[in-house]
Amino acid sequence: MSIRAGLVGLPNVGKSTLFNALTKSSVPAENYPFCTIDPHVAITNVPDERLGTLQKLYNSQKQIPATVSFVDIAGLVKGAASGEGLGNQFLTHIREVDLIIHVVRCFEDSNIIHTANEIDPLTDYEIICAELMLKDIESVTKRIEKVNHLLKSAKSKPAEFKELSAELIFLEAINKALNEGTIESVQTLVAQHSEIKTISLLSSKNFIIVANIAEHEAEQGGYEKNDYYQALIKRFGSDKVIPISAKLEYELSQLNEEEAAEMMGFMGIESSGLATIIQKTYKNLGLITFFTCGPREIHAWPFQARKTVRQAGGEIHSDLERGFICADVFNCADFFALGTEAKVKEKGKMKTEGQDYIVQDGDIINIKFNV
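Criteria and thresholds
Residues numbered from 1 in each chain as written. Predicted model: local features only at pLDDT ≥ 70, side-chain atom pairs only at ≥ 80, totals over all residues. Heavy atoms only, no water. Helix = DSSP H or I, 4+ residues; strand = E, 2+ residues; numbered from the N terminus. Buried < 20%, exposed > 50% of the residue type's maximum accessible area, 1.4 Å probe, protein only. Contact = heavy atoms within 4.5 Å. Areas by Shrake-Rupley, 256 points an atom, 1.4 Å probe, with all protein chains shown as cover. Axes fitted to C-alpha atoms, helices over the stretch in contact; angles between N-to-C directions. Parallel < 35°, antiparallel > 145°, perpendicular 65-115°, else oblique. Nonpolar A, V, L, I, M, F, W, Y, C, P; charged D, E, K, R; others polar. Pairing = 2+ DSSP bridges. Lys, Arg positive; Asp, Glu negative; His and termini not counted. Salt bridge = Lys/Arg side-chain N within 4 Å of Asp/Glu carboxyl O. Phe/Tyr/Trp six-rings, centres within 6.5 Å; stacked < 30°, edge-to-face > 60°. Lys NZ or Arg CZ within 6 Å of the ring centre and 35° of its normal. Core = buried A, V, L, I, M, F, W, Y, C linked by side-chain atoms within 4.5 Å.

A.B. asks: Tell me about the overall build of the protein, and name the residues and values.
C.D. replies: If you tally the helices and strands in the protein, you get 14 helices and 12 strands. Relative to its full complement of 371 residues, the protein shows a buried share of 47%. For the protein, the share of sequence-separated contacts (at least 6 apart) that also reach a separation of at least 24 residues comes to 70%. About 18800 Å² of surface is accessible on the protein, with carbon and sulfur atoms providing 50% of the total.

Below, the structure written as structure tokens:
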């Protein structure tokens, strides 16, 4: 499956610097708004230590990791929903991503201008959310008008009339929440009525927050004393907020693995902030990884949790889903512990599963099919 995460924020909060670090690319990161007009997209590998172990055990020629596409969306400003700062174009780019990564500035630096001349990450976040909600009001209003029109012609079609009526009630509740509530109330409503099919809402998209801290605060957990970071934690919780120095991560991304590890060790940093972003993206999108393995390649496949092995076959190739017969399945944790497929079979850890088997993270799958 294709995974797209969009970096969103006000101008000069460190989005392009972070994007450069994530992709080791060279997007402009100038000290003025809108230096990134078109969205830059780059594909980044999902770190997974299991790939190397599987490659050794299978003596495979290569490994193909799961990937995430990161989109650097140009800085939004207040009034974007009505077209300020090329806002409509940027909001369209947000619509195309699966996860929003809010990048907010949590450091002081008089040499880097801020659009509001004040560092306040919560206000920055609220400005972005307000623009998303304003754009959704426009979309929901248009959809309500259309549904009302469709209802008139669906009176003789009971099933269609019932479906449209349910959608209209839902849209009116959403419209009220957008006008009177918060983005959290909109997200709660959407989650509670996930069975109702309607337009996609910008304000209902899953999100994480990157707190862009000063370089020195990345050392030895120094960010814990950052009041801006603590305000974000109080509002959103630690699962949603990632403290990162975009400048430091970019510097680390320019080093080889050995040099980067040495620098991180010297600074008391246990793991890369970029790896954390990728892992949190995976987690917040409800993704797991399954593997297909053989002498030619080890392939990691990102996959939605709680879906079936037949649907997993469709991720590999449509023929595998269409002609699915059964699948031999075992987990890489058992494989690592036992060392060979023969011992996995001997211990009863390899099972032949039917189409309704729910794939687990780390499953190694071999699908049998007939088309």
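Following the structure, the description resumes.
A.B. asks: Run through the environment of Tyr125, naming residues and quoting values.
C.D. replies: Within the element layout of this structure, Tyr125 appears in helix H4 (residues 121–153). For Tyr125, a relative accessible area of 2% corresponds to the buried category. Between the C-alpha atoms of Tyr125 and Leu10, which are 115 residues apart in sequence, the distance is 8.6 Å.

A.B. asks: Report on the packing of H4 against helix H7 (residues 227–236), specifying residues and quantitative values.
C.D. replies: Two elements in contact, H4 and H7, have axes whose closest approach is 9 Å; the angle formed by their N-to-C orientations is 50°. In terms of their interaxial angle, H4 and H7 are classed as oblique. Contacts from Pro121, Leu122, Tyr125 and Glu126 of H4 reach H7 at Tyr228, Ala231, Leu232, Arg235 and Phe236. Looking at the contact of H4 with H7 residue by residue, the classes come out as 7 nonpolar, no polar and 2 charged.

A.B. asks: Account for the pairing of strand S4 (residues 67–72), with residues named and values stated.
C.D. replies: Taking burial as the measure, the 6 residues of S4 include 5 buried ones, the bulk of the element. Where strand S1 (residues 4–8) and S4 come together, 4 bridges link them in parallel fashion. Paired with Gly6 across the two strands is Val71, which belongs to S4. Bridge count for strand S2 (residues 40–45) against S4 is 6 bridges, and the pairing is antiparallel. Along S4, the bridge assignment pairs Val41 with Val71.

A.B. asks: Describe the side chain of Asp136, listing the residues and the values that go with them.
C.D. replies: Within the element layout of this structure, Asp136 appears in helix H4. No salt bridge forms around the buried Asp136; measuring N to O, its nearest opposite-charge neighbour Arg95 is 4.7 Å away. In this structure, Asp136 is in contact with Leu178, Leu201, Leu202 and Ser203, ignoring residues within four places of it in sequence.

A.B. asks: Could you give an account of the packing of aromatic side chains, with specific residues and numbers?
C.D. replies: Enumeration over the complete set of coordinates arrives at 8 aromatic pairs. Residues Tyr223 and Tyr229 carry aromatic rings whose centres are separated by 5.2 Å and whose planes lie at 80° to one another, so their mutual orientation is edge-to-face. Plain terms: the ring middles of Phe290 and Trp301 are 6.2 Å apart, the flat faces sit at 15° to each other, and that makes the pair stacked. Linking Phe290 in strand S8 (residues 287–293) with Trp301 in strand S9 (residues 297–304), this pair joins segments that are 11 residues apart in sequence. Trp301 carries the same exposure label as Phe290, and that label is buried. Linked through ring pairs, Tyr58, Phe330 and Phe335 together constitute an aromatic cluster. We note Arg105 situated over the ring of Phe107; from NZ or CZ to the ring centre the distance is 4.7 Å. Between Lys240 and the ring centre of Phe207, over which it is positioned, the NZ or CZ distance is 4.5 Å.

A.B. asks: Which residues make up unusual backbone geometry, and what values go with them?
C.D. replies: With phi around 65°, Asn12 is a residue other than glycine that occupies positive phi space. The residue Asn12 is located in the loop between S1 and helix H1 (15–23) in this model.

A.B. asks: Run through the nonpolar core, naming residues and quoting values.
C.D. replies: Counting residues in hydrophobic clusters, the biggest one holds 89 residues, and the most contacted among them are Leu18, Phe70 and Ile101. Sequence-distant contacts of Phe70, that is, excluding residues within four places in its chain, are made with Ala5, Leu7, Phe19, Leu22, His40, Val41, Ala42, Thr44, Ile101, Ile277, Ile278 and Thr281.

A.B. asks: So what about the environment of Gly52? Which residues, and what values?
C.D. replies: With respect to the secondary-structure elements, Gly52 resides in helix H2 (residues 49–58). The exposure class assigned to Gly52 is partly exposed, which follows from its relative accessible area of 27%. Taking C-alpha positions, Gly52 is 7.6 Å from Gln63, a pair spaced 11 residues apart along the chain.

A.B. asks: Residue-level account of the pattern of salt bridges, with values.
C.D. replies: What the rule picks out here adds up to 12 salt bridges. Note that Arg322 and Asp319 form a salt bridge whose closest N and O atoms lie 2.6 Å from each other. Separated by 3 residues within a single helix, Arg322 and Asp319 lie in helix H12 (residues 318–322), roughly one turn from each other. Given the relative accessible area of 55%, Arg322 is considered exposed. Taking relative accessible area as the criterion, Asp319 reaches 23% and is therefore assigned partly exposed. Taken together, the shared-partner salt bridges connect Asp48, Arg50 and Asp361 into one network.

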